[in-house]
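Descriptive structure summary
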Amino acid sequence: MLKKVYVLLLVLALSGILSSCAPAAPAEVLVGINAEITGAIPMVGAACKNSAEMATEEINSAGGLDIGGKKYTVKLVIADNENKPESAAAAATKLVSQDKVLIHIGANASKNAIPASSVCNELQCPMISPWSTNPNTTLYKPWVFRACFIDSFQAGVNAQFGQEEFNTDKGAVLFDIGSDACYYQGFFFKETWEKLGGTIVAFETFTTGDKDFTAQLTKIKESGAKVLYVPQYYDEVPLIVQQANRLGVTEDIHIIGHDGWESPDLCKLCGSDCNGLFFTTHWAVDIAGAKTQAFIQKYKQQYGVDPDSVAGLTYDAMYLFFRAAQDCGKLTGNLQTDRACIKDALANMKDFEGVTGTMTPTEQGDMIKSVHIVEIDCDAGVFKWYKTVEPKTF
Amino acid sequence: MAYFLQQFINAVQLGSIYALVALGYSMVYGVLRFINFAHGDIFMVGALLAYVGAGFLLRLANQIFLPGAVVFVGTMLFSMAGTTLIALLIEKVAYRPLRQYRLSVVITALGMGVLLEHLALVIVGPWRLSFPLLVANHVYRFGGVSISTIQLLIIFVSLALMILLEFLVQRTKQGMAMRAISYDRETLPLMGVSVNQIVSLTFAISSCLAAAGGLLYGHAYPIVEPYMGITVGWKSFISAVVGGIGSIRGAVLGGFILGFVEIGAGAVFPSRMRDLISFVVLMTVLLIRPTGIYGVARRQKV
């Protein structure tokens, strides 16, 4: 009796293996999403998942993804990385080697994206991180791309914006010398500013934790600068701006910043002192442009909330993949060949137009793309879209 | 010229706050010969209590008419009272039983500092709170020099408190007892003075000054959070040592010296070298006068 059961089990198991070996349901491409669904930043995971689902539904309801005349249905495989680096690596391994996805999209926070990118690069599966701005996510990893720009690029855009908008060649920088991200931004701003023909008349620093910036600000005021770049975060910016206002620095100096300023807390801490200042960012809900506005309206309708930067960037990551697949011409069915083809198509992409702007990847897989500049209005509690600076290499 | 005058004002503002907090270190050291490492966190508690008090009084001022000065003084008194209570409690629980054990009491002081930080962390959370301004800020311009109402307020209130303290210590009986205890702790009880009372008074005064420092600091740098006391605490401690720990005038002088050195180093040299230069200057002062500027070398009794 027992023997019969074993035989039956064996037959069942064999048939299972055989059926999985049989040709898979034709015309389906798998997209792996590695998102922060649970953990400290579930909003990020939710936005990522929502946008990926929205893009998938759009392409499928249009009859599927058209690759070389053949229609493929896009299917998402969603993995939760719990906002932990080790889970992100595990999720990436599962998606790439077990689920056999054609492309890996995610993870979003840099601490998760870096380990995930190592896995994808090792296993040779193309990856696009929508939101990770840390250079190490793509550095020396030919299989890895991102949909956002990186910090150093932003500093360059700020230098250009500062000179053009305020029509000056005298710039100043104030940054934390103890933080590597701020340090690089400070230096990169200086480099670009000088390359564009300006002079940096004050290059001032402070140390992490400092609350008094009066000495540096007085010096900057004295230097005759017209633009002051502050690549710091939303918890330090209010102190700097308030002290600058009290010292009369802001009367003829325009303070500009980067996306580290972007937080609802900025207005809570700064109040009306920050009104009228500009900073660069990935995203704003009032970006002009038919494509962007259509996405925003649809997302809002579908999920009841405004799409944030992760939503916009994930949506672009999905369409980057769609376009890369189309550029590929055809899928062979050999996973490794197809993955390599997608990778090459991503690397060779030019002027992709997404909802977050126009983008072209660099050799490193980072994006040269449009940067949005927003103006702070703390009385209304919003960051108003001011203009979009078109992509440019510095 | 205007540039240096402006930096001078910046330094006076920063120095006043260091001086107020440094006084607390110095007074406690003068009386007990021990360094109250929790003092920086007492300062933080003062700032947080001022935040709470100011929030309450501002809401009250919306309903009934309260002049700005009343709100400011009320907030200061509330913060001083609360901070004093906490400091007295700490003294009673953590310092008094260990008064004979010099080293252990330093550890309990450090422990109390950590305890206060984490208590604040549990109660208010790690968020940065925006400190409400209790005076309408106006920036006055004289040539190229700007001075704001808040800077004037900080300088004025700290100077007033320092003068009040000087009066208290030099002209009152309790002040005389404080000076006496610092001179000879063994003989004083024989004169019929309660050491514990004077120690409590010293803690009360030093924490009142820290609370005032917290309130003024909140006006100068209007973001308060549970870890704000650490940097200010150790910088004020340095001020107290440079000025000559145990000496009231020394603490005030030390506070202003640190303010001037920090601002001056940033003003004259590239700001990247600021901390480097300011600490070299402070160390030089100590090498020349090991006991601090107003400090007196004491014979160590064996």
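Small disclaimer: the values here were computed from a predicted structure and weren't measured.

Things to note about the overall build of chain B
Tallying secondary structure elements over chain B gives ten helices and four strands in all. For 302 residues, the compact-globule estimate of 2.2 N^0.38 gives 19 Å, and the C-alpha radius of gyration of chain B, at 19 Å, lies within 12% of that figure. Expressed as lengths along the three principal axes of its C-alpha atoms, the size of chain B is roughly 60 × 50 × 40 Å. Here chain B, with 302 residues, has 49% of them falling under the buried criterion.

Comments concerning the overall build of chain A
Secondary structure assignment for chain A yields twelve helices and 16 strands. Along the three orthogonal principal directions, the C-alpha set of chain A runs to about 95 × 45 × 40 Å. Expressed as a percentage of its 394 residues, the buried residues of chain A come to 52%.

Topic: the interface of chain A and chain B
At the junction of the two partners, chain A supplies 23 residues and chain B supplies 22 residues. If you list the elements that add at least two residues to the side of chain A that touches chain B, you get strand E8 (199-206), helix H7 (214-223), helix H8 (237-246) and helix H9 (264-270) of chain A. Considering every element that reaches the side of chain A that touches chain B, the biggest residue donor is H7 of chain A, with six residues.

A few points about the environment of glutamine 301 of chain A
With respect to the element layout, glutamine 301 of chain A can be found in helix H10 (residues 290-303). Each C-alpha atom, one on glutamine 301 of chain A and one on threonine 218 of chain A, is 50 Å from the other, the two residues being 83 residues apart in sequence.

Focus on the packing of helix H3 (residues 68-95) of chain B against helix H7 (residues 195-220) of chain B
Residue and element names in this part refer to chain B. Here H3 crosses H7 at 135°, and the two axes come no closer than 8 Å. With respect to H7, the axis of H3 lies oblique. In this structure, H3 meets H7 at a crossing whose hand is right-handed. In this structure, H3 uses Thr75, Met76, Ser79, Met80, Thr83, Thr84, Ala87, Leu88 and Glu91 to contact H7, whose residues at the interface are Val199, Ser200, Phe203, Ala204, Ser207, Cys208, Ala210, Ala211, Ala212, Gly214 and Leu215. Each residue belonging to the contact of H3 with H7 can be placed in one class, and the counts come to twelve nonpolar, seven polar and one charged.

Concerning the sheet that holds strand E12 (residues 352-353) of chain A
Residues and elements named next belong to chain A. With antiparallel pairing, the three strands of this open sheet are ordered in space as E12-E13-E14. Strand pairing shows two members of the sheet lacking a second neighbour, E12 and strand E14 (367-369), which therefore form its edges. With two bridges connecting them, E12 and strand E13 (residues 358-361) associate as antiparallel partners. Along E13, the bridge assignment pairs glutamate 353 with threonine 358.

Some thoughts on helix H8 (residues 228-243) of chain B
Residue and element names in this part refer to chain B. Helix length check: H8, at 16 residues, gives a terminal C-alpha distance of 23 Å against a target of 22 Å (1.5 Å per residue), a fit within 8%. Summarising burial for H8: 13 of the 16 residues are buried, a large majority. Downstream of H8 by one or two residues, glycine 244 has phi in the positive range, about 110°.

A look at the pairing of E8 of chain A
Residues and elements named next belong to chain A. Alignment of strand E7 (residues 170-176) against E8, held across seven bridges, turns out to be parallel. Bridge pairing in E8 links valine 173 to phenylalanine 203. As a crossover connection, the stretch from E7 through helix H6 (residues 180-195) into E8 is right-handed.

Brief notes about the sheet that holds strand E4 (residues 103-106) of chain A
All names here are of chain A. On the basis of which strands lie adjacent, the open sheet formed by six strands has the order E2-E3-E1-E4-E5-E6 and mixed pairing. Only two strands of the sheet have a single partner each, and these edge strands are strand E2 (65-67) and strand E6 (144-146). When strand polarity is set aside, the average angle formed by the axes of neighbouring strands in this sheet is 30°. Judged from the three bridges that link them, strand E5 (residues 127-129) and E6 form a sheet pairing that is parallel. What sits directly across from isoleucine 128, in E6, is phenylalanine 145. Sitting on the sheet, helix H2 (residues 42-61) touches strand E1 (28-35), E2, strand E3 (70-80) and E4, and the angle it makes with E3 is about 165°.

A look at helix H12 (residues 335-347) of chain A
A rise of 1.5 Å per residue sets the reference length of H12 of chain A, with its 13 residues, at 18 Å; its end C-alpha atoms lie 18 Å apart and thus fit the reference within 8%. The elements touched by buried residues of H12 of chain A are E4, E6, helix H11 (309-328) and E13 of chain A.

Considerations on unusual backbone geometry
Residue and element names in this part refer to chain A. Residue alanine 107 is reached from glycine 106 by a cis peptide bond, and omega for that bond is -15°. By the element assignment, alanine 107 lies in the loop between E4 and helix H4 (110-122). The backbone phi angle of asparagine 83 is positive, close to 55°, even though this residue is not glycine. Note on placement: asparagine 83 falls in the loop between E3 and helix H3 (85-98). Its 22 C-beta neighbours within 10 Å are what place asparagine 83 among the buried residues. Within the chain, lysine 100 stands out as a residue other than glycine whose phi angle is a positive 55°. Here lysine 100 lies in the loop between H3 and E4. Assessed through the 14 C-beta atoms surrounding it within 10 Å, lysine 100 is described here as partly exposed.

A look at the packing of H2 of chain A against H11 of chain A
Residues and elements named next belong to chain A. At a minimum axis separation of 8 Å, H2 and H11 run at an interaxial angle of 40°. If you check the angle between H2 and H11, you find them oblique. Classified by chirality, the crossing of H11 by H2 is right-handed. For the pair formed by H2 and H11, the contact residues are Val44, Ala47, Cys48, Asn50, Ser51, Ala52, Met54, Ala55 and Ile59 on the first element and Val310, Ala311, Thr314, Tyr315, Met318, Tyr319 and Phe322 on the second. Residue composition of the contact of H2 with H11, by class: 13 nonpolar, three polar and no charged.

Things to note about the domain arrangement of chain A
Segmenting chain A into domains produces domain 1 (28-149 + 289-361) and domain 2 (152-281 + 373-389). Domain 1 of chain A and domain 2 of chain A are separated by 32 Å when their C-alpha centres are compared.

Quick word on the nonpolar core
Leu228 and Phe321 of chain A together with Leu23, Ala47 and Ala212 of chain B are the most contacted members of the largest nonpolar core, which totals 212 residues. Counting residues per element, this core draws most heavily on helix H1 (residues 2-32) of chain B, at 17 residues. Composition of this core by domain shows at least three residues from each of domain 1 (28-149 + 289-361) and domain 2 (152-281 + 373-389) of chain A.

What to know about the confidence of the model for chain A
Residue and element names in this part refer to chain A. Of the residues in chain A, 93% have a pLDDT of 70 or more, and the chain-wide mean is 90. Looking over chain A, one finds the lowest element-wise mean pLDDT in helix H1 (residues 2-21), namely 57, and the highest in E5, namely 97. Note that pLDDT drops below 50 for residues 20-25; the model gives that stretch zero contacts with residues more than four away or on any other chain.

As for the confidence of the model for chain B
Looking at chain B as a whole, its pLDDT mean stands at 92, while 98% of the residues score no less than 70. Reported confidences for the modelled complex are a pTM of 0.83 and an ipTM of 0.88.

About the criteria used
- Along each chain, residues carry numbers from 1 onward, in the same order as the chain's sequence is written.
- To label them, take the chains in the order written and letter them from A, then take the ligands in the order written and number them from 1.
- Only residues with pLDDT of at least 70 are given local features in this predicted model, and only at 80 or more are side-chain atom pairs given and counted; all residues enter the totals for whole chains, interfaces and linings.
- Think of it this way: any DSSP run of H or I at least four residues long counts as a helix, any run of E at least two long counts as a strand, and we number them from the N terminus.
- For the radius of gyration, the atom set is restricted to C-alpha positions; the globular benchmark scales as 2.2 Å times the number of residues to the power 0.38.
- With C-beta atoms placed from the backbone, a residue is buried if 20 or more other C-beta atoms are within 10 Å of its own, exposed if 12 or fewer are, and partly exposed between those counts.
- Residues are treated as contacting if the C-beta atoms built from their backbones sit within 7 Å of each other.
- Helix axes are fitted only over the stretch in contact, all axes being lines through C-alpha atoms; the angle between N-to-C directions runs from 0 to 180 degrees.
- Should an angle fall under 35 degrees it is taken as roughly parallel, and over 145 as roughly antiparallel, whereas 65 to 115 is taken as roughly perpendicular and any remaining angle as oblique.
- Handedness of a helix crossing follows the sense of rotation of the near helix relative to the far helix, less than a right angle counterclockwise being left-handed and clockwise being right-handed.
- Asp, Glu, Lys and Arg are counted as charged, while Ala, Val, Leu, Ile, Met, Phe, Trp, Tyr, Cys and Pro are counted as nonpolar; the rest, among them Gly, fall into the polar class.
- In this description, strands pair whenever DSSP reports at least two bridges between them.
- The span expected for a helix works out to 1.5 Å for each residue beyond the first.
- Crossovers are described as right-handed under a simple rule: with the strands pointing away from the observer, the path leading from the first strand over the helix to the second runs clockwise.
- For the domains described, the bounds stem from an automatic or database domain assignment.
- Joining buried Ala, Val, Leu, Ile, Met, Phe, Trp, Tyr and Cys residues through C-beta atoms within 7 Å gives a set, and that set is a nonpolar core.
- pLDDT is a residue-level measure of predictor confidence that goes from 0 to 100.

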